[in-house]
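# Topology and contacts: notes
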Number of protein chains: 2
Amino acid sequence: MQDVARLAKVSVGSVSRVLNGRENVAPAIQEAVRAAVAELNFVPNVVARSMRKGSSSAIGCLISDITQHTAAQMVSAAEERLRARGFEILIANSHYDLERERAILSSLKQRRIDGFIGAISDDETPSYFNFLHTLNMPVVLWERDAQGEFNSVLTDHADGCRQAVRYLASLGHRSIALVAGHENTWVGREMVRGYQAACEAAGIALDPALVLRTSAFNKDVCRALLTGPGRPTAIIATLNDVAVVLEVVRETGLSIPADLSVISIGEHEYSGIASPALTVVTQNPRDVGREAADMMLQLIEGSAPSGIRRSKHPMRMIVRESCGAPPSLARRKKR
Amino acid sequence: MQDVARLAKVSVGSVSRVLNGRENVAPAIQEAVRAAVAELNFVPNVVARSMRKGSSSAIGCLISDITQHTAAQMVSAAEERLRARGFEILIANSHYDLERERAILSSLKQRRIDGFIGAISDDETPSYFNFLHTLNMPVVLWERDAQGEFNSVLTDHADGCRQAVRYLASLGHRSIALVAGHENTWVGREMVRGYQAACEAAGIALDPALVLRTSAFNKDVCRALLTGPGRPTAIIATLNDVAVVLEVVRETGLSIPADLSVISIGEHEYSGIASPALTVVTQNPRDVGREAADMMLQLIEGSAPSGIRRSKHPMRMIVRESCGAPPSLARRKKR
């Protein structure tokens, strides 16, 4: 700070006042101090202080996409918990790109984070877990099956889809489409598993054409599905994909639930006020986020119980107005 | 890597295979390598490589809250742009907490980010700009008025509210509530300014009780407003606050637009499919994000035109079904 004062030709007190953001400093002095700080590449007090403390603590958080409401809720809840214990959280998006994800994790490691929470893009490839191990820091996965390699916090997506199919089958549906989560991830795998099990239990023949993936789902695909010859009478999809479905339904003049029953996996504030109000299977992303944060804190503080933990959160159906009996065969042929 | 091999009692080739995530490695060897990596606190290849390159480049991104859809859109668009040029983006939430924000920015600085984009919690206090200057890195603000101190990309929120009030006044409304953005920020300030200007232009007397702030807006406040004696016939609010309004409207049995006209500032996929479909004033968060990213890239690459830049994006009204004529005085008295 003395070097800054010397170069700026002001007192050390003035430097301090500028660096601490005091208001009563003449503009010329502010300018001189800033110039000196820049020239000397000076690390100001507040930064130096946390550097001296050794670790300004931060947890890296990897999600697929910040614009996904459910993921944002998890992050937000985890952050609340970690903040209370003095940890910042630094968030990065992988967009299901493994190459990118490796770069992000390496970058976070290099930036000396204390641990990493989040959803990797692939939880089926053992070699990828090896990569995570070599990062050599505490890891907690959410919505990914860590296969006994790391702690994980999951949502029971198989049961969620089971509940949805069972309900639709009870209304008489035999042709139910599913837009499942991503390949190579817990969410996608479990959604398909639960859907298939419930279809079989209800005596519904499995039609591969009715099982779609979010990674290949868009308005065109949806329009083809809903207006084609083998069109389903019901569809189950996650929040973002339901928005696509509703848009296509509007455009094509279909009616919910008369022509198509819709169930959303996950919800936000607007699901209940959509027209018609959406029947949903809700998860508890905030619970998942909180538990993952707690696991991380225990790992960092050395208070974790021994062994790898794997926690699974339930899903719950909320029936509103977007499901009904399937259109009669006659009516469907007439269209 | 030789140290790791020695400690693990395996060949350097085996270490390399484990660190690079190859599949054909015996579990016992994987285990030994991992243990040695941990004991030596070894920095694996992929990390070391990016460290040798000098900078694994990253831009810090400060937003108020990841669960805000509009902010998430800005981040997402900025990220796309920065990624294409080899920059990761690390996101942190300030929750309008200045103390926390200072800690975050210091933490990011300490983690050697190359620049910082985002929304600070207070753009009215000059001393806070001084703090930003002392971080001594490229800064671009979005949705905050940098007062000539930094580049900034803004949305014309004053005009947005002007459009909303003008439209409501044309329908006959004289009692229009506003839930404005945060105090001490461009968004909040400009919303109020545009609202007041348009009220005055329409000859509507300003009623301070009708100007609320998002920071103090919740279901209780909203219920009191919409059921109290001086209740407005219309309300203008941002996306998240509109969700609160719609919830209270449902609970209290009010009808939109018969009892209350609603305009949402900003929108997401569900705004148009709410019941009734929401009339909105849209911004272009993705354009804002992209431009901020471009400004940052120019600053980092030294290709920025001289001088501080300040860009302002327009807002646009989309009329749907949530606004109508105000309830007649007679009808209101009867309720």
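No experiment lies behind these values; they were computed from the predicted model shown. (Residues numbered from 1 in each chain as written. Chains lettered and ligands numbered in written order. Predicted model: local features only at pLDDT ≥ 70, side-chain atom pairs only at ≥ 80, totals over all residues. Heavy atoms only, no water.)

### Some thoughts on the sheet that holds strand β7 (residues 211–213) of chain A
Residues and elements named next belong to chain A. Read from one edge to the other, the open sheet built from 6 strands follows the order β7-β6-β8-β9-β10-β12, with strand pairing classed as mixed. Here the strands that pair on one side only, and so sit at the sheet edges, are β7 and β12 (316–318). Across the sheet, the mean angle from the axis of one strand to that of its neighbour is 20 degrees, orientation sign disregarded. Pairing of strand β10 (residues 279–282) with β12, which is carried by 3 bridges, proceeds in the antiparallel orientation. Each bridged residue has a counterpart across the sheet, and for V280 the counterpart in β12 is I318. Contacting β6 (176–180), β8 (234–238) and β9 (261–265), helix α11 (residues 239–252) runs over the sheet at an angle of about 135 degrees to β8. (Pairing = 2+ DSSP bridges. Helix = DSSP H or I, 4+ residues; strand = E, 2+ residues; numbered from the N terminus. Axes fitted to C-alpha atoms, helices over the stretch in contact; angles between N-to-C directions. Contact = heavy atoms within 4.5 Å.)

### Things to note about the side chain of D145 of chain A
Residues and elements named next belong to chain A. Residue placement: D145 occurs in the loop between β4 (139–142) and β5 (151–155). According to the relative accessible area criterion, D145 is buried, its value standing at 14%. Polar contacts involving the side chain of D145 include one to the side chain of R310, which spans 3.3 Å. (Buried < 20%, exposed > 50% of the residue type's maximum accessible area, 1.4 Å probe, protein only. Polar contact = N/O pair within 3.5 Å; in protein donor to acceptor, adjacent residues only side chain to side chain.)

### Some remarks on the relation of the copies chain B and chain A
In this structure, two copies of a chain are linked by a rotation about an axis accompanied by a shift along it. At an RMSD of 0.1 Å, chain B and chain A line up after a rotation of 180 degrees and a shift of 0.0 Å along the axis. Interpreted geometrically, this transformation is the action of a two-fold axis. Every residue of chain B has its C-alpha some distance from the rotation axis, and the shortest such distance is that of A274 of chain B, at 2.0 Å. Mapped onto chain A, 97% of the interface residues of chain B again fall at the interface, so both copies present the same surface. (Least-squares fit on C-alpha atoms with pLDDT ≥ 70 in both.)

### Digging into the interface of chain B and chain A
At the junction of the two partners, chain B supplies 72 residues and chain A supplies 71 residues. Each partner contributes to the roughly 6,200 Å² buried at the junction of chain B and chain A, and carbon and sulfur atoms together form 54% of this total. Taken as a group, Q110, R111 and Y270 of chain B account for 14% of the area that chain B buries against chain A, more than any other trio of residues on that side. Here chain B is connected to chain A by 4 salt bridges. Of the charged contacts in the structure, one is a salt bridge between R100 of chain A and E79 of chain B, with a shortest N-O distance of 3.1 Å. In this structure, the connection of chain B to chain A is made through 17 residue pairs in polar contact (both at pLDDT 80 or more). Tallying contributions element by element places helix α6 (residues 98–110) of chain B first for the side of chain B that touches chain A, with 9 residues. Tallied by class, the residues present in the side of chain B that touches chain A amount to 34 nonpolar, 24 polar and 14 charged. (Buried area = accessible area lost by both parts, 1.4 Å probe. Salt bridge = Lys/Arg side-chain N within 4 Å of Asp/Glu carboxyl O. Nonpolar A, V, L, I, M, F, W, Y, C, P; charged D, E, K, R; others polar.)

### Considerations on the domain arrangement of chain A
Parsing chain A into structural domains produces domain 1 (2–52), domain 2 (58–155 + 285–313) and domain 3 (157–283 + 318–334). Its C-alpha centre places domain 1 of chain A at a distance of 38 Å from the equivalent point of domain 2 of chain A. (Domains from an automatic or database assignment.)

### Quick look at the packing of aromatic side chains
Evaluation of the coordinates by the stated rule reveals 4 aromatic pairs over all chains. Measuring from ring centre to ring centre gives 6.2 Å for F129 of chain A and F150 of chain A, while their planes differ by 45 degrees; the resulting arrangement is tilted. Highlighted residues: F129 of chain A in helix α7 (residues 126–134) and F150 of chain A in the loop between β4 and β5, separated in sequence by 21 residues. Judged by relative accessible area, which is 7%, F150 of chain A ranks as buried. Pairing Y128 of chain B with F131 of chain B gives two aromatic rings, centres 5.8 Å apart and planes at 20 degrees, and the pair type is stacked. Of this pair, Y128 of chain B and F131 of chain B both sit in helix α7 (residues 126–135), separated by 3 residues, roughly a single helical turn. (Phe/Tyr/Trp six-rings, centres within 6.5 Å; stacked < 30°, edge-to-face > 60°.)

### Describing the environment of K312 of chain A
All names here are of chain A. Inspection of the secondary structure assignment puts K312 in strand β11 (residues 310–313). Given a relative accessible area of 43%, K312 falls into the partly exposed group. For the pair K312 and H157, spaced 155 residues apart in the sequence, the C-alpha separation amounts to 9.6 Å.

### Let's talk about the environment of Y167 of chain A
Residue and element names in this part refer to chain A. Tracing the backbone through its elements, the reader meets Y167 in helix α8 (residues 157–170). C-alpha separation for the pair Y167 and T70, spaced 97 residues apart in sequence, amounts to 23 Å. In this structure Y167 touches I263, T279, M317, V319 and C323, once residues within four positions along its chain are discounted.

### Focus: the nonpolar core
Inside soluble globular proteins, nonpolar side chains tend to come together where they are buried. Core analysis: the biggest nonpolar cluster contains 103 residues, and I236 of chain A together with I236 of chain B have the highest contact counts within it. In terms of nonpolar packing, the next biggest core, distinct from the first, is built from 48 residues, I66, M74, F87 and V288 of chain B among them. (Core = buried A, V, L, I, M, F, W, Y, C linked by side-chain atoms within 4.5 Å.)

### Examining the sheet that holds strand β9 (residues 261–265) of chain B
Residue and element names in this part refer to chain B. Across the sheet, 6 strands lie side by side as β7-β6-β8-β9-β10-β12; this open sheet has mixed pairing. Both outer strands of the open sheet, β7 (211–213) and β12 (316–318), are each paired with one neighbouring strand and no more. The mean angle between the axes of side-by-side strands here comes to 20 degrees, regardless of whether they run parallel or antiparallel. Sheet topology note: the strand β6 (residues 176–180)/β7 ladder contains 3 bridges and is parallel. By the bridge assignment, A180 is partnered in β7 with R213. Across the sheet, helix α8 (residues 157–170) is in contact with β6, β8 (234–238), β9, β10 (279–282) and β12; its angle to β9 comes to roughly 165 degrees.

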